[in-house]
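# Residue-level structure breakdown
So you can see what is in the structure, the chains are spelled out below.
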Amino acid sequence: MGFNAPVLEGHSLTVSGFLAQLPDDIRVIHDAGDQPLRWVEPSDLDDPTPYLLDHELLLTSGLPLRRQGTEAVDADAFVRRLVAAQVSALGFGLEPYFSEVPADLVEACSRHGLTLWEVPPTLPFAAIGLTFSRLLESESARMLRDVADMSRQLLRSVLGARPEQDLLTALSRRVGARLELYGARGQLRFTAGSWKGHGDEASAVADLLEATLAGSGARVEHRGTESGEVVSFPLRSGHASGRASEATLGALVLIVPRPLAPTEHSIVTTAVGLLEVLARQRTAGDLSPSQLATALLLGAEGLPEQLAERLLGESVGGPRRAPLRVVVGARPEWKAESAPAARLGGLDTLPEVLQWRRLWDSKLVIHEGGHLVALTRIHPSAESFAAAEKAGYVVAVSPGAEVATTAAGAYSGLREQALSVLPRALDERRSISAEEVAPSFAALLPPEAGKLLARELLAPLTEVSAPRGELLLRVLHAWLEANGSWDASASALGLHRNSVRRHIGAVSELLGRDLNDAGVRAELWMALRFL
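This report concerns the structure included in the present document.

What counts and how
- Residues numbered from 1 in each chain as written.
- Predicted model: local features only at pLDDT ≥ 70, side-chain atom pairs only at ≥ 80, totals over all residues.
- Heavy atoms only, no water.
- Helix = DSSP H or I, 4+ residues; strand = E, 2+ residues; numbered from the N terminus.
- Buried < 20%, exposed > 50% of the residue type's maximum accessible area, 1.4 Å probe, protein only.
- Areas by Shrake-Rupley, 256 points an atom, 1.4 Å probe, with all protein chains shown as cover.
- Contact = heavy atoms within 4.5 Å.
- Salt bridge = Lys/Arg side-chain N within 4 Å of Asp/Glu carboxyl O.

Quick look at the overall build of the protein chain now. Helices and strands together make up the secondary structure of the protein chain, namely 21 helices and 15 strands. Out of the 531 residues in the protein chain, the part that is buried amounts to 46%. When the accessible surface of the protein chain is split by element, carbon and sulfur atoms take 51% of a total near 26100 Å².

Following this line, the structure appears as structure tokens:
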């Protein structure tokens, strides 16, 4: 037997197409019509069918048919087994066992409808397999390009004036299906494509839609019909609260004449993801395409380079060569638990977004949870910070990135840098540029939060009555500063090294921590700095 066969997406290669790639001295003895071709498998087993997938080209030298007497393999039964296993064609190699294809094998292939080739001894089976592998690799590359091109087309569709309708139209043309987009309450919102079926699709759509909208989790519903298949994809909210499952924001229903090929399924999955983003934006009360563009630019996967450059050129003001930055911010009162949830996510968000567009000269503004985010070319300065604070916001600004930076996750990384210093900005009630903050954990932790953590961690020492409590803190500080050296800390404190040992032992006992642990030492050193 040969090696295991991979699944060829969509069976786009066929027996006749493969034959056209092979030398002309292969002779077609019986042509039973073109068939899809998944793989090429050499075998001289009496019955190779348990090891075959459907739609393979089986190559044999005829060894099973050469045997005599009770061990002989009946050609008719051999071919019947191959046909039952959906073998697409049989290649019979001449020599070393046969100088011509046996007549009973030719009759059996003709009787049962199996394509039969005569392979000359000058063409090794390995050469046929190698040719197919190269053809398969070329076909796989073409499919990957097809998926990439279609994904870019879908992205362009959703950034237009009619995002859902344009996306459905493009997808319908690609997969040859009738598409129906439904809202959360089962209302039909958009359609694309036509369908001429047998009439049972309507009931299948109704049943699947009901199951999809009532279900939970990313379940895809299928139902076979007389004319093909109906498939329903849920549009999910993307998050859950507590133990509650994700909310269902709608459904995309496809009526197709055949099951989707893996490549088509990948394209449909991309479309469903974009429709989910649109549905989430609509649920948040913002229908602006620039909101979607901002979400896509800030996504971890990034956008195709040309599309990203076009969006930035059309949506962000300022000099084209100026570095791009991500600004995140909030009003100080949004620190309260209920304030962000109450304001961001309702209709009150629209004035906030419009105000941020003016502040940062950019259409690429979006609200996320308890803060606002903008992509801008405005340099962080005293003037820009004053304008934001006058409008009631405290902001954090990322370092600048070159305009040509369109790698996947580039702007997502800038957002994370700005978000890392936002808690400190809110705590101090002043706007901060991430470039001003030293790259250390202590610098990123807001002072008030650091002091609170330090007081809690060192409470067993600070609660000890003076002067013993003060002595223990001073000894701990000197010992940590000396990297645990008894002699160096004793010299700095003016104490005997045994006294330092005794005091550090008392500290360890009061704190209930192992001071031999490097992590514990680092945490205590950080706490002492804030205290």
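Among the structural elements, Gln 165 can be located in helix α6 (residues 163-175). Excluding its chain neighbours within four sequence positions, the residues that come into contact with Gln 165 are Phe 190, Thr 191 and Ala 192.

The subject of this paragraph is unusual backbone geometry. The step from Glu 95 to Pro 96 runs through a cis peptide bond, and the omega angle for that step is 10 degrees. Among the secondary structure elements, Pro 96 is positioned in the loop between β4 (89-93) and α4 (103-112). The phi torsion at Glu 95 lies on the positive side, around 65 degrees, for a residue other than glycine.

Mapped onto the elements of the fold, Val 205 is located in helix α7 (residues 201-214). For Val 205, a relative accessible area of 7% puts it in the buried group. Along the backbone, Val 205 and Leu 254 are 49 residues apart, and their C-alpha atoms lie at a distance of 8.8 Å. Sequence-distant contacts of Val 205, defined by excluding residues within four places in its chain, comprise Glu 180, Tyr 182, Val 230, Val 253 and Ile 255.

Further remarks concern the pattern of salt bridges. Evaluation of the coordinates by the stated rule reveals 13 salt bridges. Put simply, Glu 164 and Arg 189 hold a salt bridge, and the shortest N to O gap is 3.9 Å. Separated by 25 residues along the polypeptide, Glu 164 in helix α6 and Arg 189 in strand β7 (residues 188-192) bring together distant segments of the chain. Exposure remark for Arg 189: the relative accessible area of 33% places this residue in the partly exposed category. Residues joined in a network through salt bridges with shared partners are Asp 76, Arg 80 and Arg 111.

In this section: the environment of Ala 482. Along the chain, Ala 482 turns up in the loop between α18 (468-481) and α19 (486-493). Between the C-alpha atom of Ala 482 and that of Ala 492, which follows or precedes it by 10 residues, the distance is 8.8 Å. If sequence neighbours within four positions are ignored, Ala 482 has contacts with Ala 488 and Ser 489.

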